[in-house]
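Descriptive structure summary
Here is how the chains run, residue by residue.
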Amino acid sequence: MKKTMKWLFGLGVLVTAATILISADHIDAPSSAGTSGDIADFYAFEPSEGSDNTVFVVDLQSNVLPDLAYGTFDENVLTEINIDLDGDLVEDQVIQAIARDGRMYFFGPTAPAQTGLNSEVYTDAALGDVEISSSTAIVETTSDGVSLFAGPRQDPFFFDFFQFNAVISPELDSAPNGFLPPEEAADTFDGANTMSIIVEIPNSMLGTPTATNALGLSVYKTWVTTNRKQ
């Protein structure tokens with residue numbers, strides 16, 4: 001099944017045993033707002049110090065509110081976790097996730113047949129699948145030690161949207177003290193969900209990175225794309 005990329009969230013995340021850099025954003029591409037093609041957050045980290053696993057968390061569709069029921073994954077959207085091993089910012093391995101009939105199917109890690117803007121579902125590299133959760137979290141662990149999850153999670157993004165509007169207001173006295181300290185700020189996104197895709201996977205399945213960071217440590221360089229079916 002051929003895919004073409006709808007939009008790209010192009011900020012990499014470097015992962016090492018000592019360093020975790022995370023990125024967050026919401027509704028970067030207005031045409032994907034309110035759908036599971038909208039990438040809100042991407043995290044990559046070790047589940048515990050000294051672990052031989054890496055956890056990837058992709059948060060999609062950032063405006064899912066509990067009183068509007070739970071969101072859904074668009075079956076025409078393929079989510080790809082791209083992994084660069086040699087530091088050239090070209091994906092050497094991909095992990096894919098796509099929803100079908102209430103389940104999330106995962107493929108990879110596998111070397112992509114083509115890189116960049118186009119992709120296809122690598123059905124010959126099945127990783128596993130899991131029932132898409134609703135109010136109760138469902139985690140599936142494969143015989144290879146890969147743990148999989150897909151479903152709503154609390155939006156981790158903390159933002160006082162009303163104070164932000166006051167700060168940028170043309171009325172100069174609307175926020176004379178600027179932004180509020182964390183203990184006084186209101187989290188506008190409290191109670192809102194994202195639609196999350198989570199993979200915990202042994203590093204041995206990802207390949208050996210040869211890229212290094214500023215400290216000389218070996219790292220995976222990773223980023224996420226959402227691709228829409230043509």
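Residues numbered from 1 in each chain as written. Predicted model: local features only at pLDDT ≥ 70, side-chain atom pairs only at ≥ 80, totals over all residues. Heavy atoms only, no water.

Per an unreviewed UniProt entry, the protein is named DUF4331 domain-containing protein, and its organism is Flagellimonas marinaquae.

This brings us to the overall build of the protein. A tally of regular secondary structure across the protein gives 1 helix and 13 strands. Of the regular secondary structure in the protein, the N- to C-terminal order runs β-β-β-β-β-β-β-β-β-β-β-α-β-β. In the protein, once contacts between residues fewer than 6 apart in sequence are set aside, the share between residues at least 24 apart is 62%. Accessible surface, the protein as shown: approximately 11,300 Å² in total, 53% of it carbon and sulfur. (Helix = DSSP H or I, 4+ residues; strand = E, 2+ residues; numbered from the N terminus. Contact = heavy atoms within 4.5 Å. Areas by Shrake-Rupley, 256 points an atom, 1.4 Å probe, with all protein chains shown as cover.)

Taken together, the side chains of Val167, Ile168 and Phe179 present a nonpolar region at the surface, about 280 Å² in accessible area. Here Phe179 lies in the loop between α1 (161-168) and β12 (193-202). Note on Phe179: relative accessible area 51%, which makes it exposed. (Patch = residues over 30% accessible without salt bridge, like charges linked within 9 Å, V, L, I, M, F, W, Y side chains within 5 Å. Salt bridge = Lys/Arg side-chain N within 4 Å of Asp/Glu carboxyl O. Buried < 20%, exposed > 50% of the residue type's maximum accessible area, 1.4 Å probe, protein only.)

Glancing now at the packing of aromatic side chains. Within the structure shown, the criterion is met by 1 aromatic pair. A centroid spacing of 6.4 Å and a plane angle of 10° characterise the contact between Phe42 and Phe56, whose relative ring orientation is stacked. In this pair, Phe42 is assigned in strand β3 (residues 39-45) and Phe56 in strand β4 (residues 53-64), connecting sequence segments 14 residues apart. The burial state of Phe42 is the same as that of Phe56; both residues are buried. (Phe/Tyr/Trp six-rings, centres within 6.5 Å; stacked < 30°, edge-to-face > 60°.)

We now examine the pattern of salt bridges. The final tally for this structure, using the stated rule, is 2 salt bridges. When the shortest N-O distance is used, the salt bridge between Asp129 and Arg103 registers 2.6 Å. You can see Asp129 sitting in strand β9 (residues 126-131) and its partner Arg103 sitting in strand β7 (residues 103-110), a full 26 residues away along the chain. The exposure class of Arg103 is partly exposed, given its relative accessible area of 26%.

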